[in-house]
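Residue-level structure breakdown
Each chain is listed here by its residues.
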Amino acid sequence: MRPIASALTAIAAAALLAGCASSPTAQGDRSITITRTTYGIPHVTAQNPESLGYGVAYAYAQDNVCMTADQLVTARGERSATFGPKTVGLLGRRYIPNQQIDLFMAAHMDDAALERAWGKISPEAQALARGYVAGYNRFLADNAATLPEACRGKPWVKPITMAEYRRMAEVVAVQAGIAALADGMLGAQPPQPGAAKTSQVPAAEAVNLADAAQALRDVGLLDSPLGSNAWAFGREVTANGSGMLLGNPHFPWSGPNRFYELHLTIPGQMDVMGVGIGTYPMVSIGFNKDVAWSHTVSTGKRFTLYELTLADGDPTSYLVDGKPEKMSARKVSLALPGPDGKPQAMEHTVWSSRWGPLVIIPRAGLTWNTKTAYALRDANTGNTRMMDAAIAFAHAKSVQDLHKAHANLGLPWVNTLAADRSGTAMYTDVSVVPDLDAAQLERCVPSKPAAALRNAAGLVVLNGARADCAWHSDSRSPVPGLVPIERMPVAFRGDWVQNSNDSYLYTHPGQKFEGISPMVGDASVQRPRTRAGLTEIPEMLGRGKLTLHAIQDQLFQNRNFMGSVIMPDLLAACEKAPAGALSPESRDGCAALKGWDLRNNLDSRGAHLFQEFWRTARNIPSVYRVPFDLKEPVTTPAGLKMNDPAVAAKVWQSLDNAVKTVRTAGFALDAALGSVQHPDITEEPIPLHGGYEFVGVLNNLGRQDPEPQPINARGLRIDYGTSYVQTVTFDARGPVAEAILTYGQSTDPASPHANDQLREFSAKRWHSLPFHAEDIAKQRVGKDLTLVR
């Protein structure tokens, strides 16, 4: 620890000397005030962006320093040496072995290119980042001896550099692309000499499309585990005639994708409140005095694959318009602990083409053989524009301004829904999407199996042997190859808009869009939450003009949408079954489910049994009585096809198995959900309302596992879902906001803010967010912290 302590001491000394050398005016420009209010929310006030970033970093480290230090081990590519090569760590959205994480960081990160890209963003964004780096290092210098137990005295807790900060931002940008396929990139190696020649993409019958789709789900690229709901309401339907917003993102409860509440102020320049993610020194979801916004993960594609036709006899050369091009090979090295504990160098070769790095996805039939290989072009590689987009959001005075703030194409993978004080609601998806129209997608499909992969697994595979299959460059786009704002969907309305991670086409029943690329989304997928929202919003409006509390109550009614469309047929079949026709398990299951209120509240009895039943029953072929109809997307599919003996037999088998599984886990079939469902981030048995994605509860709770797992003796343990939920409207003073940060501000178990808001969430108690000075004063906790950088 001596070198670390010396480094931290040097940082502290430098900060002290800089403060002593400053003039009073300069010292004022470099000062930061952090005021804490209820639940530990920091209100950071500074005179310029660099000081603001400094204060955000210091405040965030007070609550989450160990998580940030761990994240920095990832950024440095030192997880294997620090925690062991086989231990799993988090890269973006995936837990994979540390050795793969380190090799990916060595292979993907180009520090010189990132530095050049960061040099092109605004001075304000660069200043925020510089300030963040300095603020985090100041916190370490001030608190080296008193860090939380999880990282106190650990040699991997080190000061951050700008290069490492840029790397962390890059991981966020590419987590829906190449980072999700890190193992596929590392596994892409040329066939050995003498390997038998094989055909192109395997014949359609040779590829199990269901398994290919599951492979993409397993890495989070199909039916993304990151989801959200957002509703925005306009003047026509609100009681106060102003806009109203519900933001309900569903994100992990652990790791660097956790949200953090904060209020940022540069007097006379910026005043914005909400949540940011991890080491991001701006508000991602929130509000200012005129407009409020939220995000949902969108259906847009973030990358394309290119099928390479290899040169005869040379698997490391490929053809473009008939001319051979040589792949580039780069060796990366990794220090691994050897048997004697000393570091040993490991080398690995990564391959790249004009289209991007080579990858393999064996379960989708995409391998590197003597005839073909596959490359991935990620639209978010080098996306350094996110901070500038957030700055523009913070300055917006209307939803129209907010829409214009998307023009730099900085948002990597989300929709935006917003409402302003004038009463206009907005939906838009101006995220990072490769520019390919329907005609080009059709023209550039290399084979029928490749087309089948797009339909079944969402993979867009293009013909890498044709130069004209490159992404289109629209002169209006600030980033060549990406769809510009002018050709992305947007809706401004006086009534309402919604999104629950399905296509822009489901924004509002009366909203029409034209000329949008299929790369942005289509009508082929619809989640139960989308159907729930499109059902519940009209019902809510039918009761009268909206208030914030009406919106909050609607969300936390916790209706189980699939229960509402499945249970009538199941209970009817239970009633009609002749005596002795049902197994004892099915008979008991019917009795328990008959008493269920079709909700996922703490006192809902039988919700866990239905969830276990539907976890497997939903996969029964032709299970629905009414199949999906594109003309009736809200009401279909529905019911159970119990008049089909084969389907009915499998339904009863699913119910039998569900009853046995619940009993084996040690729970009564009619147990209250609150006795079964608890958080996995703490052993405190806090009862949780809400439900899994596949049952269609808007208040989505679940796990980060690729597929839902059966209930076990620990019950339903939650580590994902409703994370930050906010409702915002406006009065004469400005924003009126209430929210819950589900898991609280801190990842330190010893902090009073580790689980405090989890208890509030359990009780459905929303708290007001103090935006105005007088409200901050009322909620103030403890003394202000003043820093001079």
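Below is a summary of the structure that appears in this document. (Residues numbered from 1 in each chain as written. Predicted model: local features only at pLDDT ≥ 70, side-chain atom pairs only at ≥ 80, totals over all residues. Heavy atoms only, no water.)

Quick word on the overall build of the protein
Defined as follows: A run of H or I in DSSP counts as a helix once it spans at least four residues, and a run of E counts as a strand once it spans at least two, with each numbered from the N terminus. Just to be clear, the radius of gyration here is over C-alpha atoms, and the globule rule we use is 2.2 Å times residues to the power 0.38. Relative accessible area decides the class of each residue, using a 1.4 Å probe on protein chains only: under 20% of the type maximum gives buried, over 50% gives exposed, and in between gives partly exposed.
Secondary structure summary: the protein contains 22 helices and 30 strands in total. For 789 residues, the compact-globule formula gives about 28 Å, and the C-alpha radius of gyration of the protein, at 27 Å, lands near that figure. Seen through its C-alpha atoms, the protein measures out along the principal axes to roughly 90 × 75 × 60 Å. By residue count, 60% of the 789 residues in the protein fall in the buried class.

So, the sheet that holds strand β15 (residues 343-353)
Operational definition: One bridge is not enough; two strands pair if DSSP finds at least two bridges between them. Contacts are assigned to residue pairs that have any heavy atoms within 4.5 Å of one another. For helices, the fitted axis covers only the stretch in contact; all axes are lines through C-alpha atoms, and the angles between them, taken along N-to-C directions, range from 0 to 180 degrees.
Strands sit in the order β14-β15-β16 across an open sheet of three strands; the sheet is antiparallel. With one partner strand each, in any of the chains shown, β14 (328-337) and β16 (356-357) form the two edges of the open sheet. Note that β14 and β15 share 10 bridges and pair antiparallel. Bridge pairing links P337 to P343 in β15. Along the sheet, helix α5 (residues 98-108) makes contact with β14 and β15, crossing β14 at roughly 140°.

Details of the state of the cysteines
The condition that has to hold: Here, the term disulfide refers to a pair of cysteine sulfur atoms separated by no more than 2.5 Å.
One pass over the structure, following the stated rule, counts three disulfides. Here C444 pairs with C469 through a disulfide, and the sulfurs are 2.1 Å apart. Residues C444 and C469 share a disulfide whose torsion about the S-S bond is about -100°; that sign makes it left-handed. Remark: C469 occurs in the loop between β20 (461-463) and β21 (490-493) and C444 occurs in the loop between α13 (438-443) and α14 (448-457); sequence separation between them is 25 residues.

Looking at unusual backbone geometry
The phi angle of most residues is negative, glycine excepted, and most peptide bonds adopt the trans form. Cis geometry marks the peptide bond from T636 to P637, where omega comes out at 0°. For N501, which is not glycine, the phi dihedral falls at a positive 85°. Of note, N501 is situated in the loop between β22 (496-499) and α15 (528-541). Even without being a glycine, K764 presents a positive backbone phi close to 60°. Counting through the fold element by element, K764 comes out in the loop between α21 (756-762) and β29 (767-768). Residue K764 is classed as partly exposed on the basis of its relative accessible area of 32%.

Some remarks on helix α8 (residues 162-174)
Test applied: To estimate how far a helix should reach, multiply one less than its number of residues by 1.5 Å.
Relative to the 18 Å expected for 13 residues at 1.5 Å per residue, α8 spans 19 Å between its end C-alpha atoms, a close match to the ideal helical length. Extensive coverage of α8 is indicated by the burial of 10 of its 13 residues.

So, the pairing of β22
Side chains on a regular strand alternate between the two faces of the sheet. Here β22 shows no split at all, with W496 and Q498 on one side and V497 and N499 on the other all buried. Bridge count for strand β5 (residues 227-233) against β22 is four bridges, and the pairing is antiparallel. Paired with W231 across the bridge in β22 is Q498.

Here's the deal with the pairing of β15
If you look at the hairpin formed by β14 and β15, you'll find five residues sitting between the two strands, and G341 has a positive phi there, around 85°. Bridge count for β15 against β16 is two bridges, and the pairing is antiparallel. Bridging across to β16, S352 finds its partner in P357. The antiparallel hairpin formed by β15 and β16 contains two residues in its connecting segment.

A look at the packing of α15 against helix α17 (residues 561-576)
The angle between the axes and the distance between the axes are what describe a pair of packed helices. The criterion, for reference: Here roughly perpendicular refers to angles of 65 to 115 degrees, roughly parallel to angles under 35, roughly antiparallel to angles over 145, and oblique to all remaining angles.
At a closest axis distance of 8 Å, the pairing of α15 and α17 adopts a crossing angle of 90°. Here α15 is positioned roughly perpendicular relative to α17, judged by the angle of their axes. Contacts between α15 and α17 involve P528, R531, A532 and T535 from the former and F561, M562 and V565 from the latter.

Side note on the environment of L262
In this structure, L262 sits in strand β7 (residues 259-266). Under the relative-accessibility criterion, L262 is labelled buried at 2%. Along the chain, L262 and A59 lie 203 residues apart, while their C-alpha atoms are 9.1 Å from each other. Beyond its immediate stretch of four places on either side in the chain, L262 contacts I41, P42, V56, V272, M273, G274, V275, G276 and V283.

Some details on empty space enclosed by the protein
For clarity, the cut-off: Buriedness for pockets is judged along seven lines, at least five of which must meet protein on both sides within 12 Å for an open set on the 1 Å grid over protein atoms alone, while cavities are sets there where a 1.4 Å probe fits but cannot get out, and lining residues have an atom within 4 Å of a point. Grid points are joined across faces, edges and corners, and a volume is the space filled by probe spheres set on the points.
With the rule as written, the count across this model stands at four cavities of 30 Å³ or more. Together, H608, Q611, E612, R615, Y692, F694, P708, Q709, I711 and L716 line the largest cavity. Residue contributions to the lining of the largest cavity peak at four residues, all from helix α19 (residues 607-617).

Considering the packing of aromatic side chains
The cut-off we apply is this: Centres within 6.5 Å are what make two rings of Phe, Tyr or Trp a pair, Trp counting through its six-membered ring; a difference in plane orientation under 30 degrees is then read as stacked, over 60 as edge-to-face, and the rest as tilted. Two thresholds decide whether a charge sits over a ring: the Lys NZ or Arg CZ must be within 6 Å of the ring centre and within 35 degrees of the ring normal.
Considering all chains together, one arrives at 22 aromatic pairs under this definition. When the ring of F251 is compared with that of F259, the centres are 5.1 Å apart and the planes differ by 40°; the resulting orientation is tilted. Directly above the ring of W355 sits R354, whose terminal nitrogen or CZ lies 5.5 Å from the centroid. Between the NZ or CZ atom of R377 and the centre of the ring of W471, over which it lies, the distance is 3.7 Å.

Thoughts on α19
Of all 11 residues in α19, 10 are buried; the element is thus mostly enclosed. Buried residues along α19 sit in contact with α17, α18 (584-594), α20 (645-664) and β25 (716-718).

Points about the packing of helix α10 (residues 209-218) against α14
Just so we agree on the cut-off: By the definition used in this description, the sense in which the near helix is turned from the far one sets the handedness, with an anticlockwise turn below a right angle giving left-handed and a clockwise turn giving right-handed.
Relative orientation of the contacting elements α10 and α14 amounts to 60°, with a least axis distance of 9 Å. Relative to α14, the element α10 is oriented oblique. Helix-helix and strand crossings are classified by hand; for α10 and α14 the assignment is right-handed. Every residue of α14 that contacts α10 at L209, A212, A213 and L216 is listed here: A452, L453, A456 and A457.

Here's the deal with the side chain of Q440
Applied cut-off: Polar contacts here mean pairs of N or O atoms no more than 3.5 Å apart (in protein, one a potential hydrogen donor and the other a potential acceptor; neighbouring residues in sequence count only if both atoms are side-chain atoms).
Looking at the element boundaries, Q440 is found in helix α13. Residue classification places Q440 among the buried positions, given a relative accessible area of 8%. Separated by 2.8 Å, the side chain of Q440 and the backbone oxygen of A470 make a polar contact. If near-sequence neighbours (up to four positions away) are discounted, Q440 is found in contact with D435, D468, C469, A470 and H472.

Here we look at the pattern of salt bridges
Condition: Each salt bridge in this description consists of a side-chain nitrogen of Lys or Arg and a carboxyl oxygen of Asp or Glu lying within 4 Å of one another.
A full pass over the atoms with the stated rule returns 41 salt bridges. R79 is paired through a salt bridge with D70; the nearest N and O atoms lie 3.1 Å apart. Under the relative-accessibility criterion, D70 is labelled partly exposed at 27%. In this structure, E164 engages R76 in a salt bridge whose closest nitrogen and oxygen atoms are separated by 3.0 Å. Residue E164 is located in helix α8, and its partner R76 is located in helix α3 (residues 49-76); the two are separated by 88 residues in the primary sequence. Relative accessible area serves as the criterion here: at 13%, E164 is assigned to the buried category. When salt bridges with common partners are traced through the structure, they connect D680, E683, R703, D705, R714, R717 and D719 into a single cluster.

A word on the sheet that holds strand β30 (residues 785-788)
The strand order across the open sheet built from 10 strands is β21-β19-β18-β10-β9-β8-β7-β2-β1-β30, with neighbouring strands paired in mixed fashion. Of all the strands in the sheet, just β21 and β30 have a single pairing partner and so form its edges. Here the average twist between neighbouring strands, direction ignored, is 20°. As defined by bridge partners, strand β18 (residues 414-420) adjoins strand β19 (residues 425-428) across four bridges and the pair is classed as antiparallel. Across the sheet, the residue bridging to A419 is A425, located in β19.

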